[in-house]
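# Fold and contact review
Here is what each chain is made of, one letter per residue.
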Amino acid sequence: PQAREETCWSLDDFDVGRPLGKGKFGNVFISREKKTKRIIALKVLFKTQLLQLGVSHQLKREIEIQYHLRHPNILTLYGYFHDDKRVFVILDYASRGELFNVLQSQPGHKVSEVIAARFVRQLANALKYCHSKGVIHRDIKPENLLLDSKLNLKLADFGWSVVADHSKRHTLCGTMDYLAPEMVSNQPHDFNVDIWAIGILLFEMLVGYAPFANQTGDKLIARIKECKIYIPQSVSDGASRLINAIIKKEPQERLPLAEIMTHPWIQDMFPREE
Ligand SMILES: COc1ccc(C(=O)Nc2ccccc2)cc1NC(=O)CCSc1ncnc(N)c1Br
């Protein structure tokens, strides 16, 4: 990765604005870097809570990983700093916020096939990059996907799920709708869990709810293990074929990222491009 200037940041370098999101470890504020006037998102994490929840090492590891990931569809982590009580993470500001809220604001909580294909291709692109660096995301869900002003998807790792917001799904540890069978059976999992999540996301964007939604606890786990989904007629044949090619119980049977990106349905949605 290209070397990055080792700037030593402090809170004095920023004008902090309104909160953008509420997290379990602290909040995120829209902010402006004073010298360059650049707008960024400043995530504030409280050291006491990080220590209490024993996630300090996880944050360090994650910052290490994110610091070296640079991709147009991954939320950039520009740097971090801390004071005696808090850790501050300097992030890209995604002006259109969470895909989750965009979906919630649409009629039927779904988007057109053109938009869904755009997001699937961008997410597959981001994951191809992550996997090439040996990074498995493991937490792909609309709450963790942000959108910039040009409707480009930005994969953002929230570390841990945000506190169950009323507009969010009603599960405490963040929705389980996106967990692959091998994860709910607590088996060793690999990058194929991210592929599975692309299939769940595509289903949810075209249907308006996740394939195993409205189930809870053990019933949900049983449904995920059973791996049977019902795709409504309203979904086109091409999209249905892609969803069925991804939602496979056997991890290695799932369509590889390269074939998702070149799938006929995806290609059809980008007619004019080369
Ligand atoms: C690369 O993005 C991250 C990297 C790391 C972590 C993190 O907290 N890790 C972590 C925290 C505790 C323990 C272990 C890991 C979080 C993020 N990202 C975020 O939190 C997203 C902040 S919300 C937001 N951001 C920009 N524009 C908007 N419109 C919004 Br809304």
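Heads up: the structure comes first, above all this text.
Described in the following lines is the structure provided in the data block.

Basis of the calculations
Residues numbered from 1 in each chain as written. Predicted model: local features only at pLDDT ≥ 70, side-chain atom pairs only at ≥ 80, totals over all residues. Heavy atoms only, no water. Helix = DSSP H or I, 4+ residues; strand = E, 2+ residues; numbered from the N terminus. Buried < 20%, exposed > 50% of the residue type's maximum accessible area, 1.4 Å probe, protein only. Near = heavy atom within 4 Å. Polar contact = N/O pair within 3.5 Å; in protein donor to acceptor, adjacent residues only side chain to side chain. Areas by Shrake-Rupley, 256 points an atom, 1.4 Å probe, with all protein chains shown as cover. Nonpolar A, V, L, I, M, F, W, Y, C, P; charged D, E, K, R; others polar. Core = buried A, V, L, I, M, F, W, Y, C linked by side-chain atoms within 4.5 Å. Contact = heavy atoms within 4.5 Å.

Phi at His109 is positive, roughly 55°, even though this residue is not glycine. Of note, His109 is situated in the loop between helix H3 (99–105) and helix H4 (113–132). A residue is classified by how much of its surface remains accessible, and His109, at 31% relative accessible area, is partly exposed. Look at Leu151: it is not a glycine, yet its phi comes out positive at around 60°. Relative to the assigned elements, Leu151 resides in the loop between strand S6 (145–147) and strand S7 (153–155).

Okay, the site of the ligand next. Close contacts around the ligand come from 19 residues, with Lys43, Glu62, Asp92, Ala94 and Asp157 the closest. Here an oxygen atom of the ligand and a side-chain polar atom of Lys43 are 2.9 Å apart. Interatomic distance of 2.7 Å between a backbone N/O atom of Ala94 and a nitrogen atom of the ligand. If the ligand stood free it would expose 690 Å²; the protein chains cover 98% of that surface. Residue contributions to the shell around the ligand peak at three residues, all from helix H2 (residues 56–67). Partitioning the shell around the ligand into residue classes produces 12 nonpolar, three polar and four charged.

Within the largest apolar cluster, 58 residues are counted, with the highest numbers of intra-cluster contacts made by Leu123, Leu155, Ile198, Met205, Ile260 and Trp265. Top element by residues in this core is helix H6 (residues 192–207). It accounts for 12 residues. Ignoring any residue separated from it by four or fewer positions in sequence, one finds Ile198 in contact with Val120, Leu123, Ala124, Leu127, Ile246, Leu257 and Ile260.

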